[in-house]
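Structure assessment
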Amino acid sequence: MSVIYKDVKNQLDKKGCGFCLAKWTQVTIHLGTGLTHSCHHPIQHKIPLTEIKRNPSALHNTLYKKRRRKEMLDGKRPKECDYCWNVEDNSNSFSDRVFKSAEPWSLDQMETIKSSSWNEDYNPRYVEVSFSNTCNFKCAYCGPQYSSKWVEEIEKHGEYPTTTRFNSIELLKQRNEMPFKHSEDNPYVEAFWKWWPDLYPDLHTFRITGGEPLLSPNTFKVLEYIQKHHKQNPNLSLAINTNLGVPKKLIDRMIDICKDLVNNNKVRELIIFTSVEAVGKQAEYVRTGLDYKQFWNNIDNILTELPKVTVNIMAAFNALSVFTYNELIDKVIEFKKKHHNNERYWYTPLQLDTAYVRWPPHLNVKILPDEHKEYILTAAKKALHYGSNQMSSLPYGFTDVEIQKIKRTYDYAIGKDNFDVEKYRKDFCKFIEEYDKRRDTKFEEIFPELADMYYEYK
Amino acid sequence: MNISRRNPWALWPDSICPSFLDNPAVDRLQGDQYWKIDIEFEYTGFAPDKQKDIFCVVPKYTGLSIFEKRIFVGIGYHDEDDWIGTDEFVEPNTVEKFSYEHFPNDKLLIVRNGSMLFEYDLINRPLAVVDVPIVFIGTDKHIVSDQPEDIDIKVHLFKITVEEGVICEHDFKELVHNKSIDKTGNCNFLYQLG
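The shown structure was predicted, so the numbers you read here are calculated from the model rather than taken from an experiment. (Residues numbered from 1 in each chain as written. Chains lettered and ligands numbered in written order. Predicted model: local features only at pLDDT ≥ 70, side-chain atom pairs only at ≥ 80, totals over all residues.)

Some details on the interface of chain B and chain A
Across the boundary between the two partners, chain B contributes 16 residues, which contact 15 residues of chain A. Residues that form the side of chain B that touches chain A fall into these classes: nine nonpolar, six polar and one charged. (Contact = placed C-beta atoms within 7 Å. Nonpolar A, V, L, I, M, F, W, Y, C, P; charged D, E, K, R; others polar.)

Next up, the structure:
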């Protein structure tokens with residue numbers, strides 16, 4: 001594999017030491033806030049309304065981004081991409097510039113992009129779109145940019161009294177990250193629909209995110225468009241994010257459309273992404289709005305009704321995940337077994353993708369006492385024992401990537417760095433005290449394991 | 001643990017998740033390190049005309065096999081493998097206890113049921129040091145899907161000891177997801193192949 005990446009890096013470097021195809025081929029667009037970036041390392045920038053008025057593809061091809069592309073084509077390194085420059089200058093590892101350029105939606109565009117002019121518009125191949133922040137959940141680690149429920153809470157009660165001023169509307173406004181209200185006309189959404197007929201045929205992957213996408217009429221409008229116009233792009237890889245906590249009629253509507261897309265080969269593959277990172281009451285505490293039992297009923301229903309579809313659980317592993325992650329692993333293996341078949345687009349019916357939360361720092365696993373961090377290792381070992389590969393006698397199980405990501409979370413939790421444990425433990429307790437007041441919950445009853453720490457730092 | 005040719009077992013945790021274990025037990029089974037393997041098993045006598053590996057450390061073959069009830073010993077020297085037919089035999093359904101104790105660049109001692117069976121001189125011809133050692137238990141010559149599922153060995157104990165002590169121990173009483181749990185807690189599990 002590294003031979004391929006070495007070759008990709010050589011091809012990139014022939015054009016310039018800062019050349020990266022992702023600046024052209026992929027994009028994440030938050031239509032609710034008008035923010036965009038091509039890869040998650042550079043911070044998002046605002047899309048100027050004047051630009052999308054005359055050119056809707058400026059949702060991706062902003063003048064700002066074109067200038068960064070010019071730097072790349074001229075052999076320079078854009079400063080906003082310093083994450084990769086740090087990797088390349090301080091290690092022998094390949095940076096994400098190489099990995100992202102090697103993606104299937106990027107690599108075959110290498111020569112076209114190399115010979116392009118910096119100010120040309122380019123239709124991206126990988127597009128992730130959030131239509132709005134409308135969401136019926138307000139997860140503890142989330143915020144107003146991504147959740148209208150969070151907006152309501154902050155407007156009513158104000159920011160949290162942490163040293164980071166967690167979810168301060170004022171700070172969001174300063175950073176120009178305040179989303180449009182659901183009731184307001186949104187020029188970014190209008191621009192998207194102008195651009196979409198031209199964009200759709202060129203797409204390799206289209207991912208709908210949120211907010212909660214199933215609460216946005218635009219999500220169903222896109223899905224119905226694909227149903228009708230699939231011949232323009234039968235090779236589309238489609239991904240839908242959902243919290244699986246919306247009314248049943250919306251889940252059923254999504255399943256009906258997905259059935260048509262899948263059974264009639266209107267897309268190349270379809271993956272559904274969701275989130276949970278704990279079990280039972282602890283999961284419901286972290287993800288306000290979640291009905292844990294219904295969540296699993298919905299996964300069961302999707303995997304039964306859509307025998308080719310994989311559901312991916314994006315677990316935002318945080319300080320409140322450690323006590324029940326072990327049980328979550330049991331639940332996942334139960335579903336891997338129950339829904340195993342040889343028809344799925346991906347290897348497994350259900351995938352547990354563990355990523356640790358770094359922000360907000362008061363929910364970072366590093367705030368935990370050492371003995372609680374060991375629960376993460378226990379969970380990783382359990383996943384390891386549930387592992388399988390092509391040689392195993394059981395054809396279902398955790399993949400090496402799923403296992404490794406849990407182990408990596410443990411390594412991160414115990415790793416020594418300049419994280420200020422005392423400061424963020426205090427923040428954690430201030431946050432929890434306020435959280436309980438606002439949501440009428442009782443932390444000590446749901447997390448008795450952390451009661452001592454809570455009282456000590458409160 | 002009942003083992004058939006169709007579903008032998010492997011000590012190869014890295015193949016499930018590379019780099020999870022910092023120091024897997026199999027990596028210690030090298031020609032430049034002290035190690036001891038203990039295994040207790042019963043041979044059922046099924047298909048005696050076919051070779052059956054009780055255990056083997058590969059890719060250089062160091063291990064124990066049975067063919068027509070006769071015991072064969074494999075020695076994976078650094079240059080090539082030796083395959084030695086002995087004058088020892090096993091009876092079906094009898095518990096056998098074997099240990100292979102390796103002293104680097106010195107000797108390999110093979111003990112059967114508490115009695116010294118063989119001593120191999122390694123002073124001028126050490127065992128191999130390889131990149132990825134793997135232990136298989138209960139294999140035929142090849143792992144193929146059309147092998148019979150009949151039980152031909154029952155393994156009661158498998159243990160690896162190094163200078164620091166026991167680093168891998170299986171009595172096969174605790175199984176998870178077709179894996180035998182390593183009693184030492186080191187995650188050196190054995191898993192069933194298929």
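Read on for the rest.
Considerations on the nonpolar core
Core analysis: the largest hydrophobic core is formed by 146 residues, its most contacted members being L59(A), A383(A), A10(B) and I137(B). A domain split of this core shows at least three residues from each of domain 1 (2-115) and domain 2 (138-422) of chain A. Judged by nonpolar contacts, the second largest core, of 15 residues, contains V8(A), C20(A), C84(A) and I113(A). (Core = buried A, V, L, I, M, F, W, Y, C linked by C-beta atoms within 7 Å. Buried ≥ 20, exposed ≤ 12 C-beta atoms within 10 Å, placed from the backbone. Domains from an automatic or database assignment.)

Some remarks on the sheet that holds strand β6 (residues 205-209) of chain A
Residue and element names in this part refer to chain A. Strand order in the open sheet formed by nine strands is β3-β2-β1-β4-β6-β7-β8-β10-β11, and the pairing between neighbours is mixed. Pairing within the sheet leaves two strands with one partner each, and these edge strands are β3 (45-46) and β11 (350-356). Pairing geometry for strand β2 (residues 35-37) and β3, over two bridges, is antiparallel. Bridge assignment links L35 to a residue of β3, and that residue is K46. (Pairing = 2+ DSSP bridges. Helix = DSSP H or I, 4+ residues; strand = E, 2+ residues; numbered from the N terminus.)

Some words on the sheet that holds strand β2 (residues 9-11) of chain B
Residue and element names in this part refer to chain B. Taken together, the nine strands give an open sheet; going across it, the order is β7-β6-β5-β4-β11-β2-β16-β15-β14, and neighbouring strands pair in antiparallel fashion. Two strands close off the open sheet at either side, each with one partner strand: β7 (81-89) and β14 (175-176). With three bridges connecting them, β2 and strand β11 (residues 134-137) associate as antiparallel partners. Across the sheet, A10 pairs through a bridge with F136, a residue of β11.

A closer look at the domain arrangement of chain A
Residues and elements named next belong to chain A. For chain A, the domain assignment lists domain 1 (2-115) and domain 2 (138-422). The gap between the C-alpha centroids of domain 1 and domain 2 is 25 Å. The interface of domain 1 with domain 2 comprises 14 residues on the first partner and 17 residues on the second. Within the side of domain 1 that touches domain 2, the residues separate by chemical class into nine nonpolar, four polar and one charged.

A few points about the packing of helix α11 (residues 217-229) of chain A against helix α12 (residues 248-263) of chain A
Residue and element names in this part refer to chain A. Packing of α11 against α12 brings their axes to within 10 Å, and their N-to-C directions diverge by 20°. Classified by the angle their axes make, α11 and α12 are roughly parallel. Handedness of the crossing formed by α11 with α12: left-handed. Between α11 and α12, the residues in contact are F220, L223, I226 and Q227 and R253, I257, D260 and L261, respectively. (Axes fitted to C-alpha atoms, helices over the stretch in contact; angles between N-to-C directions. Parallel < 35°, antiparallel > 145°, perpendicular 65-115°, else oblique. Left-handed = near helix turned anticlockwise from the far one by under 90°.)

A word on helix α17 (residues 400-414) of chain A
Residues lying three or four places apart along an α-helix face the same way, a consequence of the helix completing one turn every 3.6 residues. All names here are of chain A. If you check α17, its first and last C-alpha atoms are 21 Å apart, about what 15 residues at 1.5 Å a residue would give, namely 21 Å. The complete set of buried residues in α17 reads E402, I403, Q404, K405, I406, K407, T409, Y410 and A413. Close packing links the buried residues of α17 with β10 (310-317), β11 and α16 (370-385). (Expected span 1.5 Å × (residues − 1).)

Quick notes on the pairing of strand β1 (residues 26-30) of chain A
Remark: a regular strand shows side chains that alternate across the two faces of the sheet. Residues and elements named next belong to chain A. Of all five residues making up β1, five are buried, and the element is well covered by its neighbours. Burial along β1 is two-sided: the face carrying Q26, T28 and H30 and the face carrying V27 and I29 are both buried. Of the pairings in the sheet, the one linking β1 to strand β4 (residues 126-130) comprises five bridges and is parallel in character. Bridge pairing links I29 to V129 in β4. The pairing of β1 with β2 spans three bridges and is antiparallel. By the bridge assignment for β2, I29 is matched with T36. Linking β1 to β2, which pair antiparallel, is a turn of four residues; within it G34 sits at a positive phi near 75°.

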